[in-house]
Amino acid sequence: MTVPDLRPASTNPIQQTAKPLGVLLVGHGTRDEIGTQQFFELSEKLQHLLPSMLVQPCLLEFQQPTIPEAWNRLVSQGVTEIRVAPLLLFAAGHAKQDIPDLVRKCQAETPHVTFSHTRPISRQAALVDLVCSHLQFARDGFAHPDDEITLMMVGRGSHDPCAQADMRVLSEVVSHRLGIANPSTSFYAMAKPRFAETLEQQARSCRKILIHPHLLFDGRLFQAIQKIVTQTQVKFPDVEIRLSSYLGPHQLVARAIAARITEIASRV
């Protein structure tokens, strides 16, 4: 005779499917087609690094999907926890106000979904490694790379004093890693000193100038910096100027973002 199972139903093992964790990768957005393609390429690399999460890219300006569209896509896939990962180099207005405001509106319409914000990638170790790698590659292009070199770090620029300070600290970290003393930090817009003026001042007294444009992707801003460098080189033909690359959809950028997401997931 078969003995019936008289245990309470609640003690029987029940297999449940865990809800997926969502990642909202928020880019600034650009009208440049190549820069937009690079953003989505980076999103694919991040998804590869985080196979247990659902990564949904979105853009704050100019392009789609928007933050609300990406949020709803994650929710439609059963996501109830979202890590909001701003693809921003430093914490300024977008990270402190614009993105949080939009996310709160999304959450108000789907109150069963929780969210948390990751930190901007800033000086995350993988990002510093990439900056130094790009600069070393450009440095090797000098006719005599061991000669004294002036390092110029160029940021996009922000009215936020904390973001400006973070850019200056990055300059010090990178110059220390590369063994180049007294780096200069300038900005393309919204902050001083301005890049064009600073480059001309350096060209009047330096023989070799190494420049890092601290930008994520290709676009009008990088092209504008290239133009300034070209014009300065024509004006000062005896000065050797080397411009390194923007960061790009590099594996190290994806690792830096993944590290930020892992940080917040660990704390939660």
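In this text, all values refer to a predicted model and were calculated from it rather than measured experimentally.

Asker: How do you make sense of the pairing of strand β2 (residues 53–59) when you look at a structure like this?
Answerer: The side chains of a regular strand alternate, first on one face of the sheet and then on the other. In terms of residue burial, β2 counts as a mostly covered element, since six of its seven residues are buried. Relative to β2, strand β1 (residues 21–27) runs parallel, the two sharing seven bridges. Residue pairing for β2: Gly22 is matched across the bridge by Leu54.

Asker: What is the right way to read the pattern of salt bridges from this model?
Answerer: Two side chains carrying opposite charge are able to pair once their charged atoms lie near each other. Applying the stated rule across the entire model yields ten salt bridges. In this structure, Glu240 and Lys208 form a salt bridge, with 2.6 Å as the shortest nitrogen-oxygen distance. In this pair, Glu240 sits in strand β8 (residues 240–243) while Lys208 sits in strand β7 (residues 208–214), placing the two residues 32 residues apart along the sequence. In this structure, Glu263 engages Arg260 in a salt bridge whose closest nitrogen and oxygen atoms are separated by 2.9 Å. Of this pair, Glu263 and Arg260 both sit in helix α8 (residues 251–267), three residues apart, roughly one helical turn. Classification of Glu263 as partly exposed rests on a relative accessible area of 25%. For Arg260, a relative accessible area of 7% puts it in the buried group. One continuous salt-bridge network, built from bridges that share partners, spans Arg119, Arg260 and Glu263.

Asker: Looking at this structure, how should I read the sheet that holds β2?
Answerer: Strand pairing in a sheet relies on backbone hydrogen bonds, with the paired strands running either antiparallel or parallel. Taken together, the four strands give an open sheet; going across it, the order is β2-β1-β3-β4, and neighbouring strands pair in parallel fashion. Two strands lie at the open edges of the sheet, namely β2 and β4 (114–117), each paired on one side alone. Strand-to-strand twist in this sheet, taken as the mean axis angle between neighbours without regard to direction, amounts to 25 degrees. Here four bridges tie strand β3 (residues 81–86) to β4, and the two strands are oriented parallel to one another. In the sheet register, Ile82 faces β4, and the bridge partner there is Phe115. On the sheet, helix α1 (residues 33–49) packs against β1 and β2 and is oriented at approximately 165 degrees with respect to β2. Sitting on the sheet, helix α2 (residues 67–76) is in contact with β1, β2, β3 and β4, with an inclination near 165 degrees to β2.

Conventions used here
Residues numbered from 1 in each chain as written. Predicted model: local features only at pLDDT ≥ 70, side-chain atom pairs only at ≥ 80, totals over all residues. Heavy atoms only, no water. Buried < 20%, exposed > 50% of the residue type's maximum accessible area, 1.4 Å probe, protein only. Helix = DSSP H or I, 4+ residues; strand = E, 2+ residues; numbered from the N terminus. Pairing = 2+ DSSP bridges. Salt bridge = Lys/Arg side-chain N within 4 Å of Asp/Glu carboxyl O. Axes fitted to C-alpha atoms, helices over the stretch in contact; angles between N-to-C directions. Contact = heavy atoms within 4.5 Å.

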